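Fold and geometry: a report
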Protein chains: 2
Amino acid sequence: MKTEKVDKRQAILEAAEKLFCETGYEGTSTRQIARESGANMAMINYYFGSKEGVFVEIMNERIAGFASQLKIINEDKISALEKLHKVIEGYVNRIMNNTAFHKMMHRELSLTQRPEMYDKIKDAMSQNMQLIDRIITGGIEDGSFNKVDVRMVIASIMGTITNIVIAPHKVMSCSNFDLNNPKDKKIIKERAIAHLQDLTTVYLTTKR
Amino acid sequence: MKTEKVDKRQAILEAAEKLFCETGYEGTSTRQIARESGANMAMINYYFGSKEGVFVEIMNERIAGFASQLKIINEDKISALEKLHKVIEGYVNRIMNNTAFHKMMHRELSLTQRPEMYDKIKDAMSQNMQLIDRIITGGIEDGSFNKVDVRMVIASIMGTITNIVIAPHKVMSCSNFDLNNPKDKKIIKERAIAHLQDLTTVYLTTKR
DNA sequence: CAAAATTAATCAAACGATTGATTAATTTCC
DNA sequence: GGAAATTAATCAATCGTTTGATTAATTTTG
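Residues numbered from 1 in each chain as written. Chains lettered and ligands numbered in written order. Predicted model: local features only at pLDDT ≥ 70, side-chain atom pairs only at ≥ 80, totals over all residues.

1. Regarding the overall build of chain A
Broken down by element type, chain A carries 10 helices and zero strands. Relative to its full complement of 208 residues, chain A shows a buried share of 34%. Of the contacts formed within chain A by residues at least 6 apart in sequence, a portion of 63% connects residues at least 24 apart. (Helix = DSSP H or I, 4+ residues; strand = E, 2+ residues; numbered from the N terminus. Buried ≥ 20, exposed ≤ 12 C-beta atoms within 10 Å, placed from the backbone. Contact = placed C-beta atoms within 7 Å.)

Encoded structure:
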């Protein structure tokens, strides 16, 4: 009895994240969230004040554990290329281990509602961008990288990952891959990391 | 009064596309569409049967003029690299001249509602992917391209463009760029084309 | 310790507002 | 005059939220 302690609050958050990801914020009703989580409808407002309160809670929670992780990498006494490869590996892993949130995040970025949430996501993303920017710019300054359009290279790195997560999986391969299948996800992750590391190595360090 | 002949049907389509882009399909009400287009609410159902009918009409209309354009390129008697560069130029131009639709399209791809629309978009996209796939594979087979992960290269090309369109513009540059400003859009377009052509050239043709 | 008081968690039911859709009447146009 | 276009009014359904009541757990008190 004491072991079977179900945290309704957490259940609501988990159900809501799943539903928001699948059918969008406006496309998800509070009744769906209640049904899916096994909680009463009133509990949503009891714990989070409103439907939007649930959404904000989810996003803040996720964003919090977003920018923190990669910071240390830039401190290491390793080459710019090795730093970049580490960042790519970390970035691919984190995003592909949280595909649902990442979809929500990008959908929110393409809307003009909830500007405060838009700004919050933008700020979180720009932290990651600045980290990559500093690494590449550093590499250019110490002569180990070619002179390139840094912001466009960043767009390629981030865009590649997002494309893999969002674009139709079936198109990704000849047969039917599925990002929800752990085995398939592992394969895609490794391919993505290998590709991006190879691409950046060739593009940034080839003498020409 | 009589000279002011406004096509209500077209007005509804245009207002709906703008609103769907800004606030999403579920986030847009038929009353908003009616108000914005200057038409009576009943006209939406009169012309399109339903709210979803408007959405389907918009998407079909746009998708129709999507895959048709690039086909001819592959026929040209030019090198694989030149073909690829032409495709990149055409692709960047078409997407960045229709950013609103492109946002809608990608948002729809990240949802699980309306599977028939999902499939339609997926099919349209996969046509473009197959075109690029054939060009790159052809280049590998005739020895002018390195052996690479073709699908990942395609993800990088398409992902880069999408990232530029959707990700926060302000982050794209030091100062405040705006894709709705024609002058800024032209600059970004040229930078994107130059970057992608340079990136693919180096990555695909550098001997190593 | 045990009775009383307080708090937190949960529920079914209902709220007013808004949704997409439809009706029936009217206007416009050829 | 009649078909097409347009309107205001209305529909049932669903939306997010609130309510008042109930249960279970905790704290206070004598």
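2. Observations regarding the protein's contact with DNA strand C
Taken together, 17 residues lie near DNA strand C, and A:Asn40, A:Ala42, B:Ser29, B:Ser50 and B:Lys51 sit nearest. Among the elements of the structure, helix H3 (41-48) of chain A together with helix H2 (30-37), helix H3 (41-48) and helix H4 (51-64) of chain B are those that each provide at least two residues to the surface near DNA strand C. With four residues, the single largest contributor to the surface near DNA strand C is H3(A). For the surface near DNA strand C, the class distribution of residues is seven nonpolar, five polar and five charged. (Near = placed C-beta within 6 Å. Nonpolar A, V, L, I, M, F, W, Y, C, P; charged D, E, K, R; others polar.)

3. Re the nonpolar core
A:Ile161 and B:Ile161 are the most contacted members of the largest nonpolar core, which totals 95 residues. For A:Ile161, the contacting residues outside a window of four places in its chain are A:Tyr91, A:Val92, A:Ile95 and A:Ala192. (Core = buried A, V, L, I, M, F, W, Y, C linked by C-beta atoms within 7 Å.)

4. Here we look at the protein's contact with DNA strand D
The full set close to DNA strand D counts 16 residues, and A:Ser29, A:Ser50, A:Lys51, B:Asn40 and B:Ala42 are the nearest of them. Elements with a contribution of two residues or more to the surface near DNA strand D: helix H2 (30-37), H3 and helix H4 (51-64) of chain A together with H3 of chain B. Looking at the surface near DNA strand D, the element that brings in the most residues is H3(B), giving four residues. In terms of residue class, the surface near DNA strand D is built from seven nonpolar, five polar and four charged.

5. Observations regarding the interface of chain B and chain A
Facing the 41 residues of chain B at the interface are 41 residues of chain A. Looking at the side of chain B that touches chain A, the elements with two or more residues in it are helix H1 (8-23), helix H6 (99-109), helix H7 (115-141), helix H8 (150-166), helix H9 (169-172) and helix H10 (182-205) of chain B. A total of 11 residues in the side of chain B that touches chain A trace back to one element, the largest contributor, which is H8(B). Its residues placed into classes, the side of chain B that touches chain A shows 17 nonpolar, 16 polar and eight charged.

6. Some words on the domain arrangement of chain A
Residues and elements named next belong to chain A. Splitting chain A by domain gives domain 1 (8-60) and domain 2 (65-205). Averaged C-alpha coordinates put domain 1 and domain 2 at centres separated by 29 Å. The interface of domain 1 with domain 2 comprises seven residues on the first partner and six residues on the second. Elements represented by at least two residues in the side of domain 1 that touches domain 2 include exactly helix H1 (8-23) and H4. Of the residues in the side of domain 1 that touches domain 2, the class split is four nonpolar, one polar and two charged. (Domains from an automatic or database assignment.)

7. Brief notes about H4(A)
All names here are of chain A. Its 14 residues place the ends of H4 20 Å apart at the C-alpha level, agreeing with the 20 Å of an ideal helix rising 1.5 Å per residue. Among the residues of H4, Val54, Phe55, Ile58 and Met59 are the ones counted as buried. Taken end-on, H4 shows its buried residues confined to a sector of 125°, consistent with a single buried face. Seen from the open side of H4, the exposed residues pointing more than 90 degrees away from its buried face are Glu52, Asn60 and Ala64. Buried positions along H4 lie against H1, H3 and helix H7 (115-141). (Expected span 1.5 Å × (residues − 1). Arc of directions from axis to C-beta.)

8. Quick notes on the packing of helix H5 (residues 80-96) of chain A against helix H8 (residues 150-166) of chain A
Two numbers describe a pair of packed helices, the interaxial angle and the distance between the axes. All names here are of chain A. The contact between H5 and H8 brings their axes to 11 Å, and the two run at 25°. When the axis of H5 is compared with that of H8, the two are roughly parallel. When the axes of H5 and H8 are compared, the crossing they make is right-handed. Across the interface between the two elements, Ile88, Tyr91, Val92, Ile95 and Met96 from H5 touch Ile157, Ile161 and Val165 from H8. In terms of residue class, the contact of H5 with H8 is built from eight nonpolar, no polar and no charged. (Axes fitted to C-alpha atoms, helices over the stretch in contact; angles between N-to-C directions. Parallel < 35°, antiparallel > 145°, perpendicular 65-115°, else oblique. Left-handed = near helix turned anticlockwise from the far one by under 90°.)

9. As for the relation of the copies chain B and chain A
Mapping chain B onto chain A is achieved by rotating through 180° and translating by 0.0 Å along the same axis, at an RMSD of 0.1 Å. Here the copies are linked by what is in effect a two-fold axis. Residue B:Gly159, judged by its C-alpha, is the member of chain B lying nearest the rotation axis, at 2.0 Å. Comparing interface residues between copies, 100% of those in chain B also lie at the interface in chain A; the contact surface is shared. (Least-squares fit on C-alpha atoms with pLDDT ≥ 70 in both.)

10. What about the environment of B:Tyr25?
Residues and elements named next belong to chain B. Note on placement: Tyr25 falls in the loop between H1 and H2. It is 15 Å that separates the C-alpha atoms of Tyr25 and Ile44, two residues lying 19 residues apart in sequence. Not counting residues within four places of it along the chain, the set of residues in contact with Tyr25 comprises Phe20 and Phe55.

11. Some remarks on unusual backbone geometry
Residues and elements named next belong to chain A. The backbone of Arg114 shows a phi angle near 45°, a positive value even though the residue is not glycine. Its location among the elements puts Arg114 in the loop between helix H6 (99-109) and H7. Note on Arg114: 17 C-beta atoms within 10 Å, which makes it partly exposed.

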